[in-house]
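Chain by chain, the residues run as shown.
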Amino acid sequence: MKRFVLPVLLAALCMLASCSKMLDVDSHSAVATNTLTEADVESFLVGIYNRVQNAPGAESYISFDITGGNLINAGATSDGGLNTFITNILRPENGLMSAAWNGYYSALYQVNNLLQVTASLPETQRNLEISGTAHFFRAYLYYNLVTRWGGVPLLEQNNAEKVKRNTEAEIWAFIEKELQLAIDRAPAYAAGQYYLVSSVAAKALMARVKLAQNKKPEAAALAEEVIGSGLFQLDDFEKIFRATANNEEIFSFKNLTIESSVRVSTLFYTYAHPVKGSYVYRPTQETMDLFTETDKRKAISVDTYEGLRVINKYPSGQSGTDPLVVIRLAEMYLISAEAQGLAGLHRLNELRAVRGLAAVNPASEAAYLDAVLLERRKEFLGEGYRWYDLVRTGKTAELGLAPREVKYPIPMNELALNNLLQQNDDY
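Caption draft 1: Summary view of helix α3 (residues 38-54). When the terminal C-alpha atoms of α3 are compared, their 25 Å separation across 17 residues agrees well with the 24 Å that a helix rising 1.5 Å per residue should span. Burial runs high along α3: 12 of the 17 residues are buried. Every buried residue of α3 is accounted for by V41, F44, L45, V46, G47, I48, Y49, N50, R51, V52, Q53 and N54.

Caption draft 2: Region of interest: the nonpolar core. By size, the foremost hydrophobic cluster in this structure holds 120 residues, and its most contacted members are F136, F137, Y142, I175 and M332. For this core, the element with the most residues is helix α7 (residues 125-149), which contributes 12 residues.

Caption draft 3: Representation of the side chain of S252 in the model. Mapped onto the elements, S252 comes out in strand β2 (residues 249-253). Looking at S252, its side chain comes within polar contact range of the side chain of E249, at 2.4 Å.

Caption draft 4: Representation of the pairing of strand β5 (residues 308-311) within the structure. By the bridge criterion, four bridges tie strand β4 (residues 302-305) to β5 in an arrangement that is antiparallel. Residue pairing across strands places V302 opposite I311, the latter belonging to β5. As consecutive antiparallel partners, β4 and β5 are separated by two residues, and within that stretch E306 has a phi angle of approximately 50 degrees, a positive value.

Caption draft 5: Highlighting the packing of aromatic side chains. With the rule as written, the count across this model stands at 25 aromatic pairs. Taking 6.2 Å as the distance between ring centres and 10 degrees as the angle between the ring planes, the aromatic pair formed by F137 and F253 counts as stacked. With F137 in helix α7 and F253 in strand β2, this residue pair connects regions lying 116 residues apart in the sequence. Taking 5.2 Å as the distance between ring centres and 75 degrees as the angle between the ring planes, the aromatic pair formed by F251 and F253 counts as edge-to-face. Relative accessible area serves as the criterion here: at 1%, F251 is assigned to the buried category. Taken together, the aromatic side chains of F64, W101, Y105, Y142, W149, F174, W387, Y388 and Y408 make up a single cluster linked through ring pairs. Taking the ring centre of Y271 as reference, the NZ or CZ of K276 above it sits at 4.4 Å. The aromatic ring of Y333 is capped on one face by R347, whose charged end is 5.2 Å from the ring centroid.

Caption draft 6: Just the pairing of β2, in detail. Across the five residues of β2, five count as buried, placing the element largely inside the fold. Pairing of β2 with strand β6 (residues 324-328), which is carried by four bridges, proceeds in the antiparallel orientation. Paired with E249 across the bridge in β6 is R328.

Caption draft 7: Spatial organisation of the packing of helix α14 (residues 329-340) against helix α15 (residues 345-354). At a minimum axis distance of 7 Å, the contact between α14 and α15 shows a crossing angle of 150 degrees. Taken together, the axes of α14 and α15 are roughly antiparallel relative to one another. Here α14 and α15 pass one another in a crossing that is left-handed. In contact with A330, Y333, L334, S336, A337 and Q340 of α14, α15 contributes H346, R347, L348, E350 and L351.

Caption draft 8: Main features of the layout of surface pockets. The calculated volume of the largest pocket comes to roughly 280 Å³. Listed by contribution, the elements that provide at least two residues to the lining of the largest pocket are α6 (95-119) and α7. At six residues, the largest contribution of residues to the lining of the largest pocket is made by α6. Residue classes in the lining of the largest pocket are distributed as five nonpolar, nine polar and four charged.

Caption draft 9: Just the confidence of the model for the chain, in detail. Residues of the chain with pLDDT of at least 70 account for 92%, and the chain-wide mean is 92. Here residues 1-31 scores under 50 on pLDDT; set against residues more than four positions off or in separate chains, the count is 76 contacts.

Caption draft 10: Here's a closer look at the pattern of salt bridges. Enumeration over the complete set of coordinates arrives at 34 salt bridges. Notably, a salt bridge pairs R328 with E383, separated by 2.8 Å at the nearest N-O pair. Highlighted residues: R328 in strand β6 and E383 in the loop between α16 (365-379) and α17 (386-392), separated in sequence by 55 residues. When its relative accessible area of 1% is taken as the criterion, R328 is described as buried.

Caption draft 11: View of helix α8 (residues 168-185). Here α8 contains 18 residues, and its C-alpha end-to-end distance of 26 Å stays within 8% of the 26 Å for a straight helix at 1.5 Å per residue. Looking at α8, one finds that the buried residues are I171, W172, F174, I175, E176, E178, L179, A182 and I183. Packed against the buried residues of α8 are α7, α9 (199-212) and α17.

Caption draft 12: A look at empty space enclosed by the protein. Scanning the entire structure with this criterion turns up one cavity of 30 Å³ or more. One number sums up the size of the largest cavity: a volume of about 380 Å³. Together, 28 residues line the largest cavity, and N144, R208, E383, G384 and Y385 are the ones closest to its centre. Looking at the lining of the largest cavity, the elements with two or more residues in it are α7, α9, β6, α14 and α17. Of the residues forming the lining of the largest cavity, the biggest block, five residues, is contributed by α7. When its residues are assigned to classes, the lining of the largest cavity shows 17 nonpolar, four polar and seven charged.

The rules we used
- Residues numbered from 1 in each chain as written.
- Predicted model: local features only at pLDDT ≥ 70, side-chain atom pairs only at ≥ 80, totals over all residues.
- Heavy atoms only, no water.
- Helix = DSSP H or I, 4+ residues; strand = E, 2+ residues; numbered from the N terminus.
- Expected span 1.5 Å × (residues − 1).
- Buried < 20%, exposed > 50% of the residue type's maximum accessible area, 1.4 Å probe, protein only.
- Core = buried A, V, L, I, M, F, W, Y, C linked by side-chain atoms within 4.5 Å.
- Polar contact = N/O pair within 3.5 Å; in protein donor to acceptor, adjacent residues only side chain to side chain.
- Pairing = 2+ DSSP bridges.
- Phe/Tyr/Trp six-rings, centres within 6.5 Å; stacked < 30°, edge-to-face > 60°.
- Lys NZ or Arg CZ within 6 Å of the ring centre and 35° of its normal.
- Axes fitted to C-alpha atoms, helices over the stretch in contact; angles between N-to-C directions.
- Parallel < 35°, antiparallel > 145°, perpendicular 65-115°, else oblique.
- Left-handed = near helix turned anticlockwise from the far one by under 90°.
- Contact = heavy atoms within 4.5 Å.
- 1 Å grid on protein atoms, 1.4 Å probe; cavity = no way out; pocket = protein on both sides within 12 Å on 5 of 7 lines; lining within 4 Å.
- Points joined across faces, edges and corners; volume = space filled by probe spheres on them.
- Nonpolar A, V, L, I, M, F, W, Y, C, P; charged D, E, K, R; others polar.
- pLDDT = per-residue confidence, 0-100.
- Salt bridge = Lys/Arg side-chain N within 4 Å of Asp/Glu carboxyl O.

In structure tokens:
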């Protein structure tokens, strides 16, 4: 499938500001789904990739680095105010909360539209594949919602009613159901086609979802299936983050400059840097010190430019955009390693060897979990994992987070627009 600027058909698709507004206001600009042909649906699908990629905004991709202690505001004179920085981010009135909430639900609106269309079309192989892709995206959107806010409104169909929050358990069950549909229906992976959703990408995301729920045997088995598929292999770090063909990515957004509003790198580089940026966030010194000299990830992950610390994974700055990696094989190694406990030590050490590091041999399960989490922190720096890794393993206190900060606050404007929503505890 070609990735291109949204066709005229999709230019009028509704871009609603929030879940609540979506529930209250009928769109007068959306394409009527009952008028779309099978040919139109292919164009609609391109629009879905674009919407899911763009709608939540650039900071959604690094949100868990921002709240997980990897980053601090670039203007801070020291790292001493890190907890205050995180607390100020985790406020109901903070724009990062509403931008992500609105973006995920705005994208969900269009995914639901696509699923409504495909349900009315003949059950051809291609229509099933499109449906599977849409189910993948719906699972992906709800994964991002539930990991931030816990229970959220569950919308299988777009409607004009205000709705309450579903329970967190209900959201996780729904995600699993959606991913199983994606595994069954999404296209098979074609070599090098990691910018397209595939059934194996759905299986990899299911492994992540199982680990998040502490379903460790299932998580390990799924991760091992992806590793053993022969479709991917651990690859050079610079290939992954320099838009070079590689064998490690499982699914990424291509994020072409012509179609994208997501420029993560501008948040990390200074205006004095050759590619220029706005320098909103910088890595803490602790983050800089994670990498030893033999670690092949170091130069790609962090850098110092004119005495200022920068994240280096997204190299384009204001000159363009960079791919957004959603799932890659290294995560499967670390999911398998964590889910198996010490029995998975070989997976941890295999990854470390490829990254230029010596083997480790933790003496206890607790020490082993710490080693896996440290490896995840280094491997996925700037990719949006850290905060939720601390949350799901019960380690937020180690960062000094307040008890309420294991959830994001429901955005203030959503509470005002939908009186059926209830705020997370203690916000």
